[in-house]
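Given next are the chains, with one letter for each unit.
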Amino acid sequence: MGLFKRKRQDTPKQSVSNENRRAPRYGSWAHVRINGFEGEAILRNINLGGFCLESRTFAAITVRDRYTMNIVPEVSTALNPFGLEVEVRWVRSTESRFSAGFAVTKLPSDRGLEKYVEYLRTHVANVS
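Bear in mind the structure is a predicted one, so any value in this text is a computation, not a measurement.

1. A short note on the overall build of the protein
Right, so step 1: A tally of helices and strands in the protein yields two helices and six strands.
Right, so step 2: Residues classed as buried in the protein amount to 35% of the 128 residues present.
Right, so step 3: Long-range contacts, defined as pairs at least 24 residues apart, comprise 51% of the intrachain contacts of the protein with a sequence gap of at least 6.
Right, so step 4: Summed over all atoms, the accessible surface of the protein reaches about 8800 Å², with 49% contributed by carbon and sulfur.

Okay, structure coming up:
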């Protein structure tokens, strides 16, 4: 008889979340607007489940709060701007760099994020 219990099988809800964590991830520049912040940012580890944002400018956001984020992809993508519902998972801020992790809580109805990820999949190297 061991001291360790066997892990329970993932529920379907957890499986979807785990799929997003294992999905290929990409990076790109974009113009971003969220809670008073507006400017160019690097989006890293992008997939349908979430991404990281890096900028030299601070954004007034709080961990676990939800926001609407507007993303304007680089002109070269020929993609339309889109909005996302996101939840802040973590924030790191120094004098020279701001970064935050976001989980996507609601995909846009126009499939904007899906089109963006597909563009990155075919035009940018996988970063995971």
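Back to the text.
2. Details of the confidence of the model for the protein
Right, so step 1: Confidence in the prediction of the protein, expressed as mean pLDDT, is 84, and 77% of residues score 70 or more.
Right, so step 2: The model gives residues 1-17 a pLDDT under 50, and that stretch makes three contacts with residues more than four places away or in other chains.

3. Structural notes on the nonpolar core
Right, so step 1: Counting 28 residues, the largest nonpolar core has F51 and F102 as the members making the most contacts within it.
Right, so step 2: Of all the elements in the fold, those that place two or more residues in this core are β1 (26-34), β2 (37-47), β3 (50-55), β4 (66-73), β5 (82-93), β6 (98-106) and α2 (112-123).
Right, so step 3: No other element matches α2, which puts five residues into this core.
Right, so step 4: Not counting chain neighbours up to four residues away, the residues in contact with F51 comprise L43, R44, N45, I46, M69, I71, L84, V86, A100, G101, F102 and V104.

4. With respect to the packing of aromatic side chains
Right, so step 1: Scanning the model with the defined rule gives three aromatic pairs in all.
Right, so step 2: Here the aromatic rings of F51 and F102 are separated by 5.6 Å at their centres, their planes lie at 35°, and the arrangement is tilted. With F51 in strand β3 and F102 in strand β6, the pair connects residues that are 51 residues apart, well separated along the chain. Here the two residues F51 and F102 agree in accessibility, since each one is buried.

5. Observations concerning the pairing of β3
Right, so step 1: Most of β3 sits inside the fold, with six of its six residues counted as buried.
Right, so step 2: Every second residue of β3 is oriented toward a common face, with G50, C52 and E54 on one face and F51, L53 and S55 on the other, all of them buried.
Right, so step 3: Two elements, β2 and β3, share four bridges in a ladder whose sense is antiparallel. Its bridge partner lying in β3, I42 is registered against E54.

6. A closer look at the pairing of β5
Right, so step 1: Sheet topology places β4 next to β5; six bridges connect them, and they run antiparallel. Bridging across to β5, N70 finds its partner in G83.
Right, so step 2: Taken together, the eight bridges between β5 and β6 define a ladder with antiparallel strand orientation. The residue of β6 that forms the bridge with W90 is G101.

7. Some details on α2
Right, so step 1: Compared with the 16 Å implied by 1.5 Å per residue over 12 residues, the 16 Å span of α2 between its first and last C-alpha is a close match.
Right, so step 2: All of the buried residues along α2 are G112, L113, Y116, V117, Y119 and L120. In a view along the axis of α2, the buried residues occupy a sector of 160°, so they form one face of it.

Thresholds applied
- Residues numbered from 1 in each chain as written.
- Predicted model: local features only at pLDDT ≥ 70, side-chain atom pairs only at ≥ 80, totals over all residues.
- Heavy atoms only, no water.
- Helix = DSSP H or I, 4+ residues; strand = E, 2+ residues; numbered from the N terminus.
- Buried < 20%, exposed > 50% of the residue type's maximum accessible area, 1.4 Å probe, protein only.
- Contact = heavy atoms within 4.5 Å.
- Areas by Shrake-Rupley, 256 points an atom, 1.4 Å probe, with all protein chains shown as cover.
- pLDDT = per-residue confidence, 0-100.
- Core = buried A, V, L, I, M, F, W, Y, C linked by side-chain atoms within 4.5 Å.
- Phe/Tyr/Trp six-rings, centres within 6.5 Å; stacked < 30°, edge-to-face > 60°.
- Pairing = 2+ DSSP bridges.
- Expected span 1.5 Å × (residues − 1).
- Arc of directions from axis to C-beta.

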